[in-house]
Amino acid sequence: DKGPYQHFMAKEIHEQPDSLRRALLGLVDHHSCKLKPFLEEIDFAGVDRVLLVACGTAHYACHIAKYWLEDFAGLPVEVEIASEFRYRNVALSGREIAIFVSQSGETADTLAALNHLRNRVAHRVAVVNVPTSSIAREAEHIVEIQAGPEIGVASTKAFTGQLICLAALAVKAGLQRGTVSQADEQNLLSNLTMLPRQITEILALDGAIQAVAKDLVDAGDVLFLGRGVMYPLALEAALKLKEISYIHAEGYAAGELKHGPIALIDQSVPVVVFAPSDEHFEKLVSNGKEVAARGGRLIWVTDPKGASKLKDVEGSVLKVPEAWDAWAPIAHAVVAQLIAYHVAVLKGTDVDQPRNLAKSVTVE
Ligand code: M6R
């Protein structure tokens, strides 16, 4: 049942304040702003590396989590595409924790990668939305995304749910390794619990996001840029646009632009920049100016602080509520989803069942 929505994707995008509240309730004690017990058998102080393995959007969630785990827990992290990982001779010490992320829990390559590591690493953890799935059954430990059924082929609420689980996991890793203090824990988690409200505010910006979509609908190519933890979000935004609107899109680390992709820039290429006012902001503005100097059309996604610094910079500005720096990709993900959704609706493509795609990819 789509309720008042035209598509399941729209319904699922709008469900995110609730689905994330649900995920948070399972992981965080809202009174103390401390983690509830989960994955109790795992001690991150006893592992020497984390492997994050997944496909598609779930792989980008892993890529974001790499920044968190490095930052909070000082752990070496490798992010792996499941279809590549299973065929590589990865050097293992046996002291790794391997985390497999999947909405459906049925993705053949992710399942094969999980099987491939049986008895070869210290722990195999599944972060899944379907607790009865093959991946959930095969793994020794499970964290449930709690997003509820996701029908649209384009993953939305499962992605942000995966991020909440991985965020909690990174905080837990930091606590166990002594790199996150109890005060840090409270700070990180109280900011994490603000996301449902911030996302409700972003959903109310639908009209402004539709205006951005109008700007993109006739483009042949779109670039998404970010730095730091917003870089993988740029990759996810490009995937979302590609899969439902069939517009060619690329995500790039903004600093990488001048190493090649800037050659693509002219007036016909819109460039969407995910630019929360974090430590990368000034550098990102310089990268944006390089784009503007070549006639590129800039669309900045930023918070009020960032917007005030963009007054003299070219391009249009979409202002979203300020989220805690590390958690900004979770809030901005909703912007990326709504942009892709509205472009697809304007183009009249099949939003929920895009051509050539299946909801879960059970072939290798
Ligand atoms: O069910 P999974 O999370 O394992 O699926 C992985 C990918 O197939 C999936 O995220 C795909 O990339 C989505 N269509 C993206 O929106």
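The model shown is predicted, which means the values in this text are computed figures rather than measured ones.

The rules we used
Residues numbered from 1 in each chain as written. Predicted model: local features only at pLDDT ≥ 70, side-chain atom pairs only at ≥ 80, totals over all residues. Heavy atoms only, no water. Pairing = 2+ DSSP bridges. Helix = DSSP H or I, 4+ residues; strand = E, 2+ residues; numbered from the N terminus. Axes fitted to C-alpha atoms, helices over the stretch in contact; angles between N-to-C directions. Contact = heavy atoms within 4.5 Å. Near = heavy atom within 4 Å. Polar contact = N/O pair within 3.5 Å; in protein donor to acceptor, adjacent residues only side chain to side chain. Areas by Shrake-Rupley, 256 points an atom, 1.4 Å probe, with all protein chains shown as cover. 1 Å grid on protein atoms, 1.4 Å probe; cavity = no way out; pocket = protein on both sides within 12 Å on 5 of 7 lines; lining within 4 Å. Sits in = over half its atoms within 2 Å of the grid points. Parallel < 35°, antiparallel > 145°, perpendicular 65-115°, else oblique. Nonpolar A, V, L, I, M, F, W, Y, C, P; charged D, E, K, R; others polar. Expected span 1.5 Å × (residues − 1). Buried < 20%, exposed > 50% of the residue type's maximum accessible area, 1.4 Å probe, protein only. Core = buried A, V, L, I, M, F, W, Y, C linked by side-chain atoms within 4.5 Å.

Asks: Can you explain the sheet that holds strand 8 (residues 221-226)? Please cite residues and give values.
Replies: The pairing of strands in a sheet happens through backbone hydrogen bonds and is either parallel or antiparallel. Read from one edge of the open sheet, 5 strands run 9-8-10-11-12, paired in parallel fashion. Lying at the two open borders of the sheet, with one neighbouring strand each, are strand 9 (248-253) and strand 12 (316-319). Along the sheet, successive strands turn relative to each other by an average axial angle of 20°, direction set aside. Here strand 11 (residues 297-302) runs beside strand 12; their pairing, made up of 4 bridges, is parallel. By the bridge assignment, Trp300 is partnered in strand 12 with Val317. Running at roughly 155° to strand 11, helix 10 (residues 206-216) makes contact with strand 8, strand 10 (270-274), strand 11 and strand 12 of the sheet.

Asks: How would you sum up the site of the ligand? Please name residues and give values.
Replies: Within the structure, the ligand sits among 13 residues, and Ser102, Gln103, Ser104, Thr107 and Glu243 are positioned closest to it. A distance of 2.4 Å separates an oxygen atom of the ligand from a polar side-chain atom of Thr107. Taking 420 Å² as the accessible area of the ligand by itself, protein coverage stands at 91%. At a threshold of 2 Å from the grid points, most atoms of the ligand map onto the largest pocket.

Asks: Residues and numbers for the packing of helix 2 (residues 16-27) against helix 9 (residues 195-203), please.
Replies: Contact geometry of helix 2 with helix 9 gives a least axis separation of 9 Å together with a crossing angle of 170°. Our classification of the angle between helix 2 and helix 9 gives roughly antiparallel. From helix 2, Gln16, Pro17, Leu20, Arg21 and Leu24 reach across to helix 9, where they touch Pro196, Arg197, Ile199, Thr200 and Leu203. Here the contact of helix 2 with helix 9 is built from residues that sort into 6 nonpolar, 2 polar and 2 charged.

Asks: So what about helix 12 (residues 281-293)? Which residues, and what values?
Replies: Across its 13 residues, helix 12 extends 18 Å between first and last C-alpha, which sits within 8% of the 18 Å expected from 1.5 Å per residue. Within helix 12, the full set of buried residues consists of Phe281, Leu284, Val285, Asn287, Gly288, Glu290, Val291 and Ala292. Once helix 12 finishes, Gly295 follows within two positions and takes phi at roughly 85°, a positive value.

Asks: Give a description of the nonpolar core that names residues and reports values.
Replies: By size, the foremost hydrophobic cluster in this structure holds 99 residues, and its most contacted members are Trp68, Ile99, Phe224, Phe274, Trp327 and Ile330. The element contributing the most residues to this core is helix 14 (residues 328-347), with 13 residues. Judged by nonpolar contacts, the second largest core, of 19 residues, contains Leu225, Val291, Ala292 and Trp300.

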